[in-house]
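Commentary on secondary and tertiary structure
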Amino acid sequence: DLPPVDYVLSPAFATESLTLLQGEPKSGKSCFALLCAIAVATGKWTAGRWHVPRRRKVLFMTWEDGPRRLKRRILEYCRGLGIAVPDNLVVYSHKDAPHLQLETAEGRAFLTEIVAMHKPELVILDTLSYLHAVKESEAHEMKPVITALRDLARDQACSVGVIHHTKKIGKGDTSGVAYKSRGSSAIAAGPDCIIDWGNPIQDVTLVRFLSKDDDSDEFNVLYEA
């Protein structure tokens with residue numbers, strides 16, 4: 001007998017699982033990831049199939065956004081959701097996020113130490129390119145990095161989400177979700193779930209969802225300033 005999947009944010013983030021959130025640069029995927037982090041930290045969010053079963057501690061680490069921008073976004077989201085800023089959301093901006101190379105034992109140990117110190121149930125890392133110093137196009141070099149993230153989720157009993165860029169595709173390209181990730185196929189093969197964040201058109205973004213544990217799906221996200 002096995003227990004049911006323990007979703008931190010259903011159906012995209014589960015305990016001991018790795019989720020890949022991919023999309024083009026400057027398309028809004030980091031903003032969506034921060035919204036997910038706030039939702040899990042407050043435990044009060046439902047949007048269609050997506051819901052948070054209960055409130056949990058969250059660690060959000062970004063190497064791309066500074067503290068001023070993060071503070072503004074967090075305050076705007078919480079105001080829009082009608083909630084107070086959660087006290088169980090730990091944020092590292094690019095000013096204090098550590099230098100990590102997960103292809104090395106030292107890098108893996110450093111990240112594990114940080115997660116073990118905060119004891120979050122959801123960890124979001126923005127973006128994958130800052131977590132290694134190897135060639136993304138080489139499967140044998142990227143596999144240890146992806147494996148390190150999967151091991152982190154399992155060993156620390158948390159859900160891990162990592163943000164990644166998609167490759168450049170031609171107009172009208174209909175590639176499947178798993179074939180859009182930039183770099184080696186090892187990047188898309190490792191995660192348990194992939195959230196493919198599309199390019200916004202008039203503030204509407206098509207999101208495609210692929211999971212090993214749940215039904216695939218696609219939906220539109222409307223961004224209102």
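That block above? That's the structure.
Residues numbered from 1 in each chain as written. Predicted model: local features only at pLDDT ≥ 70, side-chain atom pairs only at ≥ 80, totals over all residues. Heavy atoms only, no water.

1. Re the environment of Leu-100
- If you trace the backbone, Leu-100 turns up in the loop between strand 7 (89-92) and helix 3 (105-118).
- Take Leu-100: its relative accessible area is 0%, and that puts it in the buried class.
- Sequence separation of Leu-100 and Asn-199 is 99 residues, and the distance between their C-alpha atoms is 29 Å. (Helix = DSSP H or I, 4+ residues; strand = E, 2+ residues; numbered from the N terminus. Buried < 20%, exposed > 50% of the residue type's maximum accessible area, 1.4 Å probe, protein only.)

2. Brief notes about the pairing of strand 11 (residues 204-211)
- Here strand 11 shows a clear split, with Thr-205, Val-207, Phe-209 and Ser-211 buried on one side and none of Val-204, Leu-206, Arg-208 and Leu-210 buried on the other.
- Across five bridges, the pairing between strand 10 (residues 193-197) and strand 11 is antiparallel. In the strand pairing of strand 11, Ile-194 is matched with Leu-210.
- The pairing of strand 11 with strand 12 (residues 217-222) spans six bridges and is antiparallel. Within strand 12, the residue paired with Phe-209 across the bridge is Asp-217.
- In textbook terms, the turn of a hairpin is the stretch between consecutive antiparallel strands, and for strand 11 and strand 12 this stretch comprises five residues. (Pairing = 2+ DSSP bridges.)

3. Remarks on the packing of aromatic side chains
- As enumerated under the stated definition, the model contains five aromatic pairs in all.
- Taking the centre distance of 5.5 Å and the plane angle of 70° together, the rings of Trp-50 and Phe-219 count as edge-to-face. In this pair, Trp-50 sits in strand 5 (residues 50-51) while Phe-219 sits in strand 12, placing the two residues 169 residues apart along the sequence.
- Overall, Trp-50 belongs to the buried group, its relative accessible area being 5%.
- Each ring, one from Trp-63 and one from Tyr-130, has its centre 6.4 Å from the other, and the planes form 10°; the classification is stacked. Of this pair, Trp-63 sits in the loop between strand 6 (58-62) and helix 2 (67-81) while Tyr-130 is found in the loop between strand 8 (122-126) and helix 4 (139-155), placing the two residues 67 residues apart along the sequence.
- Assessed through its relative accessible area of 11%, Trp-63 is described here as buried. (Phe/Tyr/Trp six-rings, centres within 6.5 Å; stacked < 30°, edge-to-face > 60°.)

4. Concerning the side chain of Thr-127
- Residue position: Thr-127 is located in the loop between strand 8 and helix 4.
- In this structure Thr-127 comes out as buried when scored by relative accessible area, which is 1%.
- In terms of polar contacts, Thr-127 uses its side chain to reach the side chain of Ser-129, at 3.0 Å.
- Once residues lying within four places of it in the same chain are set aside, the contact partners of Thr-127 are Trp-63, Glu-64 and Ile-163. (Polar contact = N/O pair within 3.5 Å; in protein donor to acceptor, adjacent residues only side chain to side chain. Contact = heavy atoms within 4.5 Å.)

5. With respect to the nonpolar core
- In terms of nonpolar packing, the biggest core is built from 35 residues, with Leu-9, Phe-13, Ile-38, Trp-50, Phe-60, Leu-89 and Ile-195 touching the most fellow members.
- Among the secondary structure elements, those contributing two or more residues to this core are strand 1 (7-9), helix 1 (29-42), strand 6, helix 2, strand 8, strand 10 and strand 11.
- Leave out the neighbours within four places in its chain, and Trp-50 touches Leu-9, Ser-10, Pro-11, Ala-12, Phe-32, Cys-36, Trp-45, Ile-195, Phe-209 and Phe-219.
- Leu-18, Leu-59, Leu-128 and Ile-187 belong to the second largest nonpolar core, which has 32 residues in total. (Core = buried A, V, L, I, M, F, W, Y, C linked by side-chain atoms within 4.5 Å.)

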